[in-house]
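What the coordinates show
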Amino acid sequence: MMVELTNIEKRFGDHTVLKNVSISVAEGSVMALVGPSGGGKSTLLRCMNLLEIPTSGSVEVAGDRLEFQSGVRVGMRQIQLLRRHTGMVFQNFQLFPHRTVIENVTEGLTTVLKWPKERARERAIALLAKVGLAHKTDVWPSTLSGGQQQRVAIARALAPSPKVLLCDEPTSALDPELSGEVVDVLAQLAREGTTMVMATHDLRLASRIANEVTVLDGGVIVETGASRDIFTKPKHERTRRFIATLTHEGHMHGEGI
Amino acid sequence: MPHWLTLMLESLPSLLWAGLIFTIPLTLLSFMFGLAVGLSAALIRLFLPGPLAAIVRFYVWIIRGTPLLVQLFLIFYGLPSVGIILDAFTAALIGFTLNIGAYTSEILRAVISSVPKGQWEAAYSIGMNWRQAMQRTILPQAARVAVPPLSNTFISLVKDTSLAAAITVPELFQAAQRIVATSYEPLILYIEAALIYLALSSVLSSLQARIETRLNRYGGFLEARS
């Protein structure tokens, strides 16, 4: 398995956000984490690159494994080693506003991996071409549309060649017409065999790209399975209700699945 | 030539000289050291909870709660009673550094925490460690917000260095006082000193404007837009 989380528990104070969650993602597959807001999908995703440290449980990414127990601190270096197998795309893009588009993409290569500038630049240009932004290399992120910013963010996340791409609501901050260009880029990555995990309530995104879906509600996994099964014949009432609310919303906004 | 103009022109070289070898070095050095103290204090308060942060809070409380002139007197006239004898310039440098350190620590603490948390996460997500995230992502963005308040502090400092005259530092204002003692023309000499301070502050203000324009070129924090 490329990503394997076992018995993950996450508490914020008295509030338990994830209760004994285990999930695994095979190499080359795309997993969508869906479910109502506050259900724990974003927290689970963020446990995969340790932006959230699980209260207990184990996290394994690309063969590196870390165990967590309450009261035991895991070293920053180990966290970083595991994190470097991942790249992340955020809901609000979080580009570095003080760096140009190409500098955003080269930053991880030159600062973290100590690549020479020229080599980093070549890779960044290739990645920006791939997301359709070869003509925007030297502009400030603030001059781009949301969809363009998110595509730069995807290029930035892919630059250090992560084993897994994590996407946290990659289209939620975008209008439907702009989210289309982001979905297209992610779909292409999926076709090329990139292992991805995405927390999303965008059914268009999940149904088009994911081959597996995990439904989270109240900090537990309600259902997991192949995406066509979950979307067409969900086993659980909660999943059915959740999908019904989403398709209803989708119709209201004129974008069914 | 009118008398006042002659007097001003005659005294100008000694005032400018005192400014050049005392006021300006005192300002630059204490601002530089003060900024280093302020940054360390801000980082301790933001990221190292515990006794060290308590000490920093105590330091800021003392410095902000007491007059600068009293602090300078304590260092220069008070410390010799416990065996610490400092020359006037060193005493002034220490006093101003501590002062700038306390005030800038509050500014820096605020601007560093004003950078959105998502920027830390973005930096961590591409593999940066804390130091890299701080240096490459957080501080450059905080610096932009910090320029106006830090410039205020800096411009105040230029003028406050005149207090060093009270502990015998022969800086610009003291040079004016000395000429008054022989020429009995306080109005003319003190206007002249004021004009020189005004010129210095104006140069700094225009410098501030240029730095702000440069740092603003990228257009501020990015909000989610579509």
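Just so it is clear, the model here is predicted, and its values are computed rather than measured.

Here we take up the overall build of chain A. Across its full length, chain A holds nine helices and ten strands. Relative to the compact-globule value of 18 Å for 257 residues, chain A shows a C-alpha radius of gyration of 18 Å, a close match. Oriented by its inertia axes, the alpha-carbon framework of chain A measures out at about 55 × 50 × 30 Å. Buried positions account for 55% of the 257 residues belonging to chain A. Long-range pairs, those at least 24 residues apart, make up 64% of the contacts in chain A between residues at least 6 apart in sequence. Looking at chain A as shown, the accessible area adds up to about 10,900 Å², and 48% of this sits on carbon and sulfur atoms. Of the side chains in chain A, 30 bear a positive and 28 a negative charge, and the two mean positions are spaced by 4 Å.

A few words on the nonpolar core. One finds L128(A), I154(A), L165(A), L186(A), M196(A), M198(A) and I209(A) to be the most contacted residues of the largest nonpolar core, which totals 51 residues. Per element, the largest residue contribution to this core is eight residues, and it comes from helix α6 (residues 176–191) of chain A. Residues within four places of L165(A) in sequence aside, it is in contact with G87(A), M88(A), V89(A), A157(A), L158(A), L186(A), L189(A), T194(A), T195(A), M196(A) and V197(A). Core analysis: the second largest hydrophobic core is formed by 50 residues, L18(A), V74(A), L108(B) and I138(B) among them.

Residue and element names in this part refer to chain B. Spanning 27 residues, helix α4 (residues 88–114) covers 39 Å between terminal C-alpha atoms, matching the ideal 39 Å at 1.5 Å per step. Along its length, α4 shows its largest kink, about 25 degrees, at T104. Burial of α4 is extensive: 19 of the 27 residues sit out of reach of the surface. At the N-terminal boundary of α4, the capping side chain belongs to D87, with an oxygen 3.1 Å from the backbone nitrogen of F89.

To continue, consider the UniProt feature "transmembrane region" (unreviewed entry) in chain B. Residues and elements named next belong to chain B. In the numbering used here, UniProt assigns the "transmembrane region" (unreviewed entry) feature to residues 20–46, 84–103 and 187–207. The straight-line gap between the two end C-alpha atoms of residues 20–46 is 38 Å; of that span, 100% is helix and 0% is strand. Secondary structure across residues 187–207 comprises 100% helix and 0% strand; the distance between its end C-alpha atoms is 30 Å.

The next thing to look at is a nonpolar patch on the surface. On the surface, W17(B), L20(B), I21(B), I24(B) and L28(B) cluster together into a nonpolar patch covering about 470 Å² of accessible area. Of note, L20(B) is situated in helix α1 (residues 3–47).

Take a positive patch on the surface next. Taken together, R77(A), R84(A), K114(A) and R131(B) make up a surface patch of like positive charges. On the secondary structure map, R84(A) appears in the loop between α2 (76–83) and β6 (86–89).

With that settled, consider the sheet that holds strand β3 (residues 30–34) of chain A. Residues and elements named next belong to chain A. Strand order across the open sheet formed by six strands is β6-β7-β8-β3-β9-β10, with mixed pairing between neighbours. Each having just a single partner strand, β6 and β10 (220–226) make up the two edges of the open sheet. When strand polarity is set aside, the average angle formed by the axes of neighbouring strands in this sheet is 15 degrees. Relative to strand β9 (residues 212–217), β3 runs parallel, the two being bridged by four bridges.

Below, the discussion takes up the packing of helix α2 (residues 51–65) of chain B against α4(B). Residue and element names in this part refer to chain B. At a minimum axis distance of 9 Å, the contact between α2 and α4 shows a crossing angle of 115 degrees. The angle between α2 and α4 falls in the class roughly perpendicular. With respect to the hand of their crossing, α2 and α4 are arranged in left-handed fashion. Within the contact between the two elements, α2 uses Y59, V60, I63 and R64 and α4 uses T97, L98, N99, G101, A102, Y103, S105 and E106. For the contact of α2 with α4, the per-class residue count stands at six nonpolar, four polar and two charged.

Procedures and definitions
Residues numbered from 1 in each chain as written. Chains lettered and ligands numbered in written order. Predicted model: local features only at pLDDT ≥ 70, side-chain atom pairs only at ≥ 80, totals over all residues. Heavy atoms only, no water. Helix = DSSP H or I, 4+ residues; strand = E, 2+ residues; numbered from the N terminus. Rg over C-alpha atoms; globule rule 2.2 N^0.38 Å. Buried < 20%, exposed > 50% of the residue type's maximum accessible area, 1.4 Å probe, protein only. Contact = heavy atoms within 4.5 Å. Areas by Shrake-Rupley, 256 points an atom, 1.4 Å probe, with all protein chains shown as cover. Lys, Arg positive; Asp, Glu negative; His and termini not counted. Charge placed at Lys NZ, Arg CZ, Asp CG, Glu CD. Core = buried A, V, L, I, M, F, W, Y, C linked by side-chain atoms within 4.5 Å. Expected span 1.5 Å × (residues − 1). Bend = angle between axes of the 7 residues up to and from the residue. Polar contact = N/O pair within 3.5 Å; in protein donor to acceptor, adjacent residues only side chain to side chain. UniProt positions renumbered as here; feature names shortened; annotations may be inferred. Patch = residues over 30% accessible without salt bridge, like charges linked within 9 Å, V, L, I, M, F, W, Y side chains within 5 Å. Salt bridge = Lys/Arg side-chain N within 4 Å of Asp/Glu carboxyl O. Pairing = 2+ DSSP bridges. Axes fitted to C-alpha atoms, helices over the stretch in contact; angles between N-to-C directions. Parallel < 35°, antiparallel > 145°, perpendicular 65-115°, else oblique. Left-handed = near helix turned anticlockwise from the far one by under 90°. Nonpolar A, V, L, I, M, F, W, Y, C, P; charged D, E, K, R; others polar.

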